Every structure is written in C-alpha cells, then in structure tokens.
Amino acid sequence: MLSAGYHLGWEVLQLPLYTVWQSDVSTIVLAVAHCTAGDLLIAVGTYALAAVVARTWQWPMRRSTAGIASAMVAGVTYTAFSEWFNVSVRGSWDYAEAMPTIAGIGVSPLLQWVLVPLVVLCTFRFATNERFSL
C-alpha cells in the first residue's frame, strides 16, 4: 500500500512530540510499528468510506475530489477521537511539551490525516499520469 511508507515516515518524524521519544530503542520501535499499523487500518477504512461516498472503488481515478475530501474528514475525525481517548481517558501515551495542541488534541496527528492522504493521492495520480476529476 502506497501510504505505508508515508505514514511510517510521519510517525518517525513526529516522535519527539510524544513522551515515548524518551524511552529505550525497543520501546520506540514497538511504538512506531504499532502506530504505523494503526495508520494502515485507518487508511483502509477511510479508503472504503471514500468509495461509498464517491460511489466507486476507483475514486482516485474517477471521483478524486469527493473521495479525498471524505477520506480526510474521516481520518481527522477518527484520529481526534483516538488521540483524546488514548491521552485523556486511557493514558496510553502522552504528548511532549513540544506538541502543539487544539482542545488537548495533538496537531501533528491531525495534520497527518490531511497531508498524507493528499500526498498519497498526488503521488498516485502523478504515477498514473491522470488528471484530477470531480
């Protein structure tokens, strides 16, 4: 899946924004693997939702605007809930002081679900030499 590499890269780059950054290497590697696997599950779910909204599994080729908009909204919404639940309710992880927040939710993971899907779609469209369609 094209998005795997982009999500892995994002997870590595945002590590200093989480307290796990101060852990031992094996804990950091496990956290990155866990989070990237979660990102891939979210990506599959948002792709499927986008297919329903766009009314085609080929939405990146046929209805890219409707597909990407719904995928981004779904990704940001799920991530906002997950970050809130795991930080504020479960205490599964915590933000470092460097993490900018909005209403207690980290900005970096929210941006991930705006920027990474756009980059994936643009990469895909460029690689297939397709124009964007509404």
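Scroll up to find the structure.
Here's what I pulled together on the structure shown here. (Residues numbered from 1 in each chain as written. Predicted model: local features only at pLDDT ≥ 70, side-chain atom pairs only at ≥ 80, totals over all residues. Heavy atoms only, no water.)

1. Focus: the packing of aromatic side chains
To be explicit about the condition: To pair, rings of Phe, Tyr and Trp, with the six-membered ring standing in for Trp, must have centres within 6.5 Å; the planes then decide the type, stacked if under 30 degrees apart, edge-to-face if over 60, and tilted in the middle. Each helix corresponds to a stretch of at least 4 residues labelled H or I by DSSP, and each strand to a stretch of at least 2 residues labelled E; elements are numbered beginning at the N terminus. Remark: exposure states derive from per-residue accessible area (1.4 Å probe, protein chains only) relative to the maximum for the residue type, with buried under 20%, exposed over 50%, and partly exposed in between.
The final tally for this structure, using the stated rule, is six aromatic pairs. Judged by centre distance (6.2 Å) and plane angle (20°), the rings of Tyr47 and Trp57 are stacked. Taken together, the residues Tyr47 in helix α2 (residues 25-54) and Trp57 in the loop between α2 and α3 (59-62) connect sequence positions 10 residues apart. The class of Tyr47 is partly exposed, set by a relative accessible area of 31%. Note on Trp57: relative accessible area 55%, which makes it exposed. For the ring pair Tyr47 and Trp59, a centre distance of 5.1 Å and an interplane angle of 40° mean the geometry is tilted. A residue pair is termed long-range when its members are at least 10 positions apart, and Tyr47 in helix α2 and Trp59 in helix α3 qualify at 12 residues. An aromatic cluster of three or more residues is present, and its members are Tyr47, Trp57 and Trp59.

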